[in-house]
Amino acid sequence: MKKHFLYPLFVAGATAVLCSCQPTELETESYQLTHTFLLTEDSTQGILEVDLHATLPVAFHDEAVLQRVREDLVTATFGEKYAVCSNQDLLPRFVEDMYADYQAENLPYVQRMNDEGTTLSLNNEYMINITTVPQNDGRIYSCVIEEYSYMGGAHGVQNFQCRSYDLTNGNRLTERDLFNDGYEQPLTDLLIKHIEQATQEAGHSIADYWTDDIAPNGNFTVHDNGLRYVFNPYEIAPYAIGETVVDLPFEELQGLLKDDNPANYLYN
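We now turn to the structure provided with this report. (Residues numbered from 1 in each chain as written. Predicted model: local features only at pLDDT ≥ 70, side-chain atom pairs only at ≥ 80, totals over all residues. Heavy atoms only, no water.)

**Quick notes on the packing of aromatic side chains**
Part 1 of the argument: What the rule picks out here adds up to nine aromatic pairs.
Part 2 of the argument: Centroid distance Phe37 to Tyr99: 4.5 Å. Interplanar angle 20°. Geometry classified as stacked. Of this pair, Phe37 sits in strand S1 (residues 27-38) while Tyr99 sits in helix H2 (residues 87-116), and the two are 62 residues apart along the sequence.
Part 3 of the argument: The class for Tyr99 is partly exposed, based on a relative accessible area of 22%.
Part 4 of the argument: Ring geometry for Phe250 versus Tyr267: centroids 4.8 Å apart, planes at 40°, classification tilted. Of this pair, Phe250 sits in helix H5 (residues 250-253) while Tyr267 sits in the segment after H5, and the two are 17 residues apart along the sequence.
Part 5 of the argument: The rings of Phe78, Tyr82, Phe94 and Tyr126 are connected pair by pair, giving a single aromatic cluster.
Part 6 of the argument: Note that Arg139 overlies the ring of Tyr265, its terminal NZ or CZ placed 3.7 Å from the centroid. (Phe/Tyr/Trp six-rings, centres within 6.5 Å; stacked < 30°, edge-to-face > 60°. Helix = DSSP H or I, 4+ residues; strand = E, 2+ residues; numbered from the N terminus. Buried < 20%, exposed > 50% of the residue type's maximum accessible area, 1.4 Å probe, protein only. Lys NZ or Arg CZ within 6 Å of the ring centre and 35° of its normal.)

So this is what it looks like as structure tokens:
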């Protein structure tokens with residue numbers, strides 16, 4: 001299983017771990033569920049490997065903001081119907097449904113293979129990792145949803161979804177919240193510049209990228225020193241390049257950022 005963790009997650013077994021440092025911060029707990037399911041009693045016919053790690057909001061001084069952030073995060077990761085699940089029930093319920101879907105999709109193939117006398121291992125892998133980034137000070141909360149799935153074929157599919165929230169209202173931060181009108185081209189130029197510098201330092205070339213596709217994609221987290229953009233495999237380069245991470249310091253974003261943007265306290 002290909003796993004590139006952008007941010008470390010420390011989990012002790014399946015026990016929830018308190019991650020808050022100050023009462024004013026958005027408090028989180030981490031949950032883990034790892035299991036291997038057999039497609040049939042014959043393990044050679046297929047297995048489903050599931051590995052889930054989820055750091056979820058559990059407490060905040062503003063209950064409405066807490067619920068808004070949690071609902072958006074759970075919906076973005078697992079689907080809207082799971083937003084009503086408690087944190088304790090969320091992963092077991094999701095895995096139960098995943099196993100049912102795995103059997104429904106693959107058991108007909110097992111029957112066909114048995115009838116034809118052929119053999120094939122219908123192995124699937126699925127991983128989710130939700131991690132909080134260091135920026136969690138009670139005003140902005142940022143996290144990354146990493147998802148990996150393998151359903152057969154040459155390789156699996158990996159995706160990083162970044163989400164940042166304004167904790168004054170619980171809304172997800174967008175580029176429109178942060179940047180002045182007309183930010184798109186100057187921000188694109190900055191992204192290309194940083195990617196080109198990184199490729200040169202790594203001994204590669206910007207020619208490995210589809211430069212016409214490089215543009216602000218809204219997939220960013222907020223840090224105390226700037227914004228981190230993530231481009232997923234196939235988004236701006238071939239699969240072999242993997243994900244592309246670009247850190248943009250606030251000092252390079254001056255002139256593009258709104259004076260009253262929700263992150264201005266981090267650099268003023």
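And the narrative resumes.
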